[in-house]
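Read off the chains here:
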Amino acid sequence: ALPVIEASSNNNNNDKMKVCLLLCAVLVSASALSFDAEAAKNRPVSKVITLLKDMLKQLEKEASEDEEIYDKMACWCETNDKEKTKSIADAEAKIEDLTTKIEELTAASARLNTEIKNLESEVAKNQEALDKATAIREKQLAEFNEEEKDLLESISALKAAVTVLSKHQGGAFLQLPQSHILGVAATIQHELQKHAALLQGIITPSQKRVAASFIQSPQDYFDAKPTFKQSYAPQSGEIFGILTQMLETFQANLSQSQKEEMANQKAYEDLKAAKEDEIAAGQEQIDKKTAELADTDEKNAQAKEDIEDTKKSLSADEEFLMMLKEKCSMTDKEWEERQKTRQLEMEAVSKALAVLSGDDAHDLFTRTFNPALLQVDRQDSRRLQASKLLSDVAKKLNNPKLSNLAYRVRLDAFTRVKKAIDDMVAQLLKEKQDEIKHKDFCTDEFNQNQLQTEKKEREKKDLIAKIEDLEMTIKSLTEAIEKLKGEIAEMQVQMKRAGEDREKENKEFQTTVADQRETQKLLKAALNVLQDFYGKKAAFVQKHKQEPAGPPPPPGFEAYKKNAASGGVMKMIQEIINDAKAMEAEAIRSEEDAQKAYEDFVKETNASIEA
């Protein structure tokens with residue numbers, strides 16, 4: 001029987017050693033869950049409050065910068081408004097003066113153009129008259145030259161004829177050659193025909209008949225013995241008289257023509273001199289007025305260029321002034337809008353800050369965001385692992401104390417569990433020492449009994465062993481009964497405590513859920529205040545366009561940008577709200593798990609008591 005006792009003692013020692021190590025591991029895990037709660041207290045909300053305070057400071061700084069920009073812009077608007085208004089008035093006055101000047105110059109130009117045209121027409125007429133007189137004079141001269149030539153030829157011929165006849169007058173005719181007589185007849189005939197108009201009224205009809213008779217029969221007038229016909233013919237002296245009369249007529253006509261030619265030449269020269277003087281005077285007036293016209297047109301062109309430049313300058317100034325008034329008006333509106341918007345933004349941030357910074361909110365956040373609650377997932381995970389480990393060992397060893405401890409680990413936040421584990425570890429270590437002593441004692445007794453038994457009879461061996469085995473069985477059963485009674489009492493006590501703990505945990509759960517929901521309500525109020533402002537679109541947008549010529553304005557307002565940190569703050573608040581919702585859901589799940597664990601524990605405990 002002694003070897004059986006030794007083996008049983010060894011098994012118990014091994015089981016207790018395992019249980020001891022297991023409890024130490026659970027204790028270490030429980031210790032690992034402790035951390036500085038004060039350092040993490042209110043950390044998320046405190047960070048949001050700090051960011052909101054920084055946003056307020058930034059908004060105040062931006063308001064100061066906007067005021068400085070607005071002052072510079074107002075100074076620029078006032079200065080340029082005065083300058084451009086004066087410049088526009090000066091330009092309008094200058095345009096009026098230039099318009100009058102252009103009208104006067106245009107009228108003068110038109111007048112000069114008319115005068116120049118009239119002068120040119122007069123000069124042209126004088127030149128035409130001179131040209132016409134010159135042509136007439138040239139024609140007269142040609143006719144005179146032709147007439148003079150003809151008369152000179154006729155005079156020369158008549159002189160020759162007269163000379164011929166004069167030499168043979170008075171009986172000398174008988175000696176006149178036939179050819180001379182014929183020549184004289186031909187001369188008379190030629191001159192009568194050629195100058196018939198000139199001789200009209202000079203030569204009488206009777207003289208014309210004598211001349212005609214002579215021309216037809218010149219030889220009849222100069223025969224030695226006159227015929228019957230000749231006895232009735234005029235005397236030869238009459239022919240001589242006709243020639244003389246014709247010669248004198250031609251000479252007189254030539255003299256008259258020469259006198260007329262001289263008179264015509266003098267008249268022409270006088271006319272030419274007068275016309276040339278008139279043409280020169282007219283050309284001088286044309287040149288003078290042309291120069292005056294050129295000067296007038298140049299001044300007119302310059303005045304038109306000046307008025308165009310002035311109009312362009314006036315248009316640019318008017319456009320600049322219109323832009324300036326529009327820009328300054330927009331700046332005033334933008335300044336008012338920015339002030340209003342920034343005031344609303346500061347009010348929104350201040351309201352959110354007031355919501356989150358109140359004493360009640362601080363207490364609520366202290367309860368809601370306690371680090372123990374923030375780490376509920378990690379605690380529950382480790383708690384469940386430890387509970388499962390203890391429960392498995394309890395089932396394996398059939399140890400009600402370990403089963404009860406496993407339940408307490410699942411329910412409790414390792415406050416009383418650690419103490420229970422410490423007590424159990426101390427008790428197991430004490431039991432281990434007692435069993436070691438008992439084992440040593442049994443080993444000594446076993447050796448002594450073995451020596452004694454070898455000396456005693458072999459037949460007593462079975463009896464003694466049987467007696468000892470029965471005694472040990474009785475003792476073990478007695479101890480087991482006492483132990484079971486104690487365990488049943490302990491189980492009943494633990495059931496009572498578990499009920500009390502469950503009730504307390506449920507109250508804590510109700511408080512936690514209420515705090516979480518109130519926290520969510522408070523954070524949503526702060527978030528709504530911020531979203532009411534930051535969720536709106538910008539009320540105004542700056543438009544940049546090409547500005548007209550003029551002094552450039554000082555740098556204006558930059559596009560109004562809502563505080564860049566607002567998005568982060570609202571995101572953090574939303575994350576805190578989500579965390580609060582998650583903690584509420586986790587608390588509900590933990591409450592359900594705890595209730596189920598309690599019910600399972602009661603059921604298992606009752607089953608163990610009944611068993």
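Counting from 1, residues in each chain are numbered in the order their sequence is written. Reporting in this predicted model follows two pLDDT cut-offs: at least 70 for local features of residues, and 80 or more for side-chain atom pairs to be given and counted; totals over whole chains, interfaces and linings ignore these cut-offs and use all residues. Hydrogens and waters are ignored; side-chain quantities use all the structure's heavy atoms.

**Here we look at the state of the cysteines**
Heads up, the condition is: In what follows, a disulfide is any cysteine sulfur pair within 2.5 Å. Helix and strand definitions follow DSSP, with helices as H or I runs of at least four residues and strands as E runs of at least two, each counted in order from the N terminus. Burial here depends on accessible area, computed with a 1.4 Å probe over protein chains only, as a share of the maximum for the residue type. Under 20% is buried, over 50% is exposed, and the range in between is partly exposed.
For the coordinates displayed, the defined rule picks out one disulfide. The residue that forms a disulfide with Cys-77 is Cys-328, at a sulfur-sulfur distance of 1.8 Å. Taking the sign of the S-S torsion, -100° for the link of Cys-77 and Cys-328, the bridge is left-handed. Remark: Cys-328 occurs in helix α7 (residues 236-357) and Cys-77 occurs in helix α2 (residues 43-167); sequence separation between them is 251 residues. Taken individually, Cys-77 and Cys-328 each receive the classification buried, so the pair is uniform in this respect.

**Some remarks on the pattern of salt bridges**
In plain terms, the rule: Only one rule defines a salt bridge in this text: a Lys or Arg side-chain nitrogen within 4 Å of an Asp or Glu carboxyl oxygen.
Across all of its chains, the model carries 20 salt bridges by this definition. One salt bridge in this structure joins Lys-266 and Asp-270, with 3.2 Å as the shortest N-O distance. Residue Lys-266 and its partner Asp-270 are located together in helix α7, separated by four residues, close to a single helical turn. The shortest N-O distance in the salt bridge between Lys-596 and Asp-600 comes to 3.2 Å. Taken as a pair, Lys-596 and Asp-600 lie in helix α14 (residues 565-610) at a separation of four residues, close to a single helical turn. Overlapping salt bridges, with partners in common, bring together Glu-62, Asp-66, Glu-334, Arg-338 and Arg-342 in one network.

**Side note on the packing of aromatic side chains**
The test is simple: Aromatic contacts are taken between Phe, Tyr and Trp rings whose centres are within 6.5 Å, Trp giving its six-membered ring; a plane angle under 30 degrees counts as stacked, one over 60 as edge-to-face, and the others as tilted. Any Lys NZ or Arg CZ found within 6 Å of a ring centre and within 35 degrees of that ring's normal is scored as a charge over the ring.
Overall, the coordinates contain two aromatic pairs when judged by the stated rule. A centroid spacing of 4.7 Å and a plane angle of 10° characterise the contact between Tyr-70 and Trp-335, whose relative ring orientation is stacked. A residue pair is termed long-range when its members are at least 10 positions apart, and Tyr-70 in helix α2 and Trp-335 in helix α7 qualify at 265 residues. With respect to burial, Tyr-70 and Trp-335 carry one shared label: buried. Measuring from ring centre to ring centre gives 6.0 Å for Trp-76 and Phe-320, while their planes differ by 75°; the resulting arrangement is edge-to-face. Here Phe-320 lies in helix α7 and Trp-76 lies in helix α2, a separation of 244 residues in the sequence. With relative accessibility at 9%, the residue Trp-76 sits in the buried group. What makes Phe-320 buried here is its relative accessible area of 1%. Positioned above the aromatic ring of Phe-320 is the side chain of Lys-84, whose terminal nitrogen or guanidinium carbon lies 5.1 Å from the ring centre.

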